[in-house]
Amino acid sequence: MTTIVTFDAGQTLVELDLDFLARRVAMCAVVVEPAALRAAETAAWQHYDALVGAGRLDHPALWRALMAQLLTGAGARGDLPAAVDWLYTQQPVANLFRRPIDGMVELARELAGQGARVAVLSNSEGGLAALLGEIGIADAFERIIDSARVGFAKPDRRIFELVDRELGGELGGELGSGELRVHIGDSWAADVRGALDAGWRAIWFGRHARPVGDDPRVAIARDARELRAALVHFGALS
């Protein structure tokens, strides 16, 4: 059986380092407390998901909207639009998503050890491979697919088809009985809907994941332990 498992990056493998963010915006004379950023984070991601679902913005605009909402919600003081623009230009060299989430890389290594083809599939800014190398986790993945490098982003099914081409899966029609594709990500609109539209299974990951309907192609997992159980359920792990 050919099994491909892909992980989103931000909020799935790595999360926003809010202490780092507070230090970075201070370089633009913006003042904000890390604790206030943590309190504003949930609402900022909900705003992001709503924009993704509307389908009207490209990834750079979505990223800027997320950061603007996060800083505004946290009561940051200073020139926020200028700070957001500067942060985006700095992403390739000082990515804000750099704190590894407990247990996730270990699961990627376990999957690879059991024969799965394991990759990162992320809407990012072009420097994701360098970032994962910098924080010491790139070697856990066979491929790192960065939307800015390939020219389209989730939920566009073409990015999932690219994974099939890169990792040797079948293209077109329904997957055969020996084929399993699972994508793991924190965004319902980008990750879950994108995976389902491409004919994959999906695991909605993170503390905000919640049951939605009874689609057998979708599982939820709020941490690495629950994610492992979902992967076992789908047959990606034994």
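Since the model is a prediction, treat every value here as computed from it, not as a measurement. (Residues numbered from 1 in each chain as written. Predicted model: local features only at pLDDT ≥ 70, side-chain atom pairs only at ≥ 80, totals over all residues. Heavy atoms only, no water.)

### Comments concerning the sheet that holds strand S1 (residues 2-7)
- Sheet architecture is open: six strands sit in the order S5-S4-S1-S6-S7-S8, paired in parallel fashion. With one partner strand each, in any of the chains shown, strand S5 (143-146) and strand S8 (218-221) form the two edges of the open sheet. On average, each strand axis in the sheet is tilted by 20 degrees relative to the strand beside it, whichever way the strands run.
- Against the sheet, helix H5 (residues 104-113) touches S1, strand S4 (117-122) and strand S7 (201-205), its axis set at about 165 degrees to S1.
- Strands in contact with helix H9 (residues 188-197) are strand S6 (179-185), S7 and S8; relative to S7, the strand with the most contacts, it is inclined by about 165 degrees. (Pairing = 2+ DSSP bridges. Helix = DSSP H or I, 4+ residues; strand = E, 2+ residues; numbered from the N terminus. Axes fitted to C-alpha atoms, helices over the stretch in contact; angles between N-to-C directions. Contact = heavy atoms within 4.5 Å.)

### Here's the deal with the packing of helix H3 (residues 59-73) against helix H4 (residues 80-90)
- With their axes 10 Å apart at the nearest point, H3 and H4 run at an angle of 130 degrees to one another. Classified by the angle between their axes, H3 and H4 sit oblique to one another. The handedness of the crossing between H3 and H4 is right-handed. Listed contacts from H4 to His 59, Pro 60, Trp 63, Arg 64, Met 67, Ala 68, Leu 71 and Thr 72 of H3 are Leu 80, Val 84, Asp 85, Leu 87 and Tyr 88.
- Within the contact of H3 with H4, the residues separate by chemical class into nine nonpolar, two polar and two charged. (Parallel < 35°, antiparallel > 145°, perpendicular 65-115°, else oblique. Left-handed = near helix turned anticlockwise from the far one by under 90°. Nonpolar A, V, L, I, M, F, W, Y, C, P; charged D, E, K, R; others polar.)

### A short note on the nonpolar core
- Formed by 68 residues in total, the largest nonpolar core has its most connected members in Phe 7, Met 67, Ile 203, Leu 227 and Leu 231.
- Each residue touching Leu 231, except ones within four places of it in the same chain, is listed here: Val 5, Leu 111, Val 182, Ile 184, Ile 203, Ala 236 and Leu 237.
- Membership of the second largest hydrophobic core comes to 19 residues, among which are Leu 121, Ile 159, Trp 204 and Val 218. (Core = buried A, V, L, I, M, F, W, Y, C linked by side-chain atoms within 4.5 Å. Buried < 20%, exposed > 50% of the residue type's maximum accessible area, 1.4 Å probe, protein only.)

### Observations concerning H4
- Residues of H4 that are buried: Leu 80, Ala 83, Val 84, Leu 87 and Tyr 88. Buried residues in H4, looked at end-on, bunch into an arc of 135 degrees, giving them a common side. Across from the buried face of H4, at angles greater than 90 degrees, the exposed residues are Pro 81 and Thr 89.
- If you follow the buried residues of H4, they end up packed against helix H1 (18-26) and H3.
- Of the residues that open H4, the one with a side-chain oxygen 3.3 Å from the backbone nitrogen of Ala 82 is Asp 79. (Arc of directions from axis to C-beta. Polar contact = N/O pair within 3.5 Å; in protein donor to acceptor, adjacent residues only side chain to side chain.)

### Topic: the packing of aromatic side chains
- Taken as a whole and assessed by the stated rule, the structure comprises six aromatic pairs.
- Aromatic side chains Phe 160 and Trp 200 sit 5.2 Å apart centroid to centroid with 70 degrees between the ring planes, which places their arrangement in the edge-to-face category. With Phe 160 in helix H8 (residues 157-167) and Trp 200 in the loop between H9 and S7, the pair connects residues that are 40 residues apart, well separated along the chain. Like Trp 200, Phe 160 is buried.
- Put simply, the rings of Trp 45, Tyr 48 and Phe 97 pair up and form one aromatic cluster.
- Positioned over the ring face of Phe 20 is Arg 98, at 4.6 Å from the centre of the ring. (Phe/Tyr/Trp six-rings, centres within 6.5 Å; stacked < 30°, edge-to-face > 60°. Lys NZ or Arg CZ within 6 Å of the ring centre and 35° of its normal.)

### Overview of the confidence of the model for the chain
- Across the chain, pLDDT averages 92, with 95% of residues at or above 70.
- The low-confidence segment residues 170-174 (pLDDT under 50) makes eight contacts with residues lying over four places distant or belonging to another chain. (pLDDT = per-residue confidence, 0-100.)

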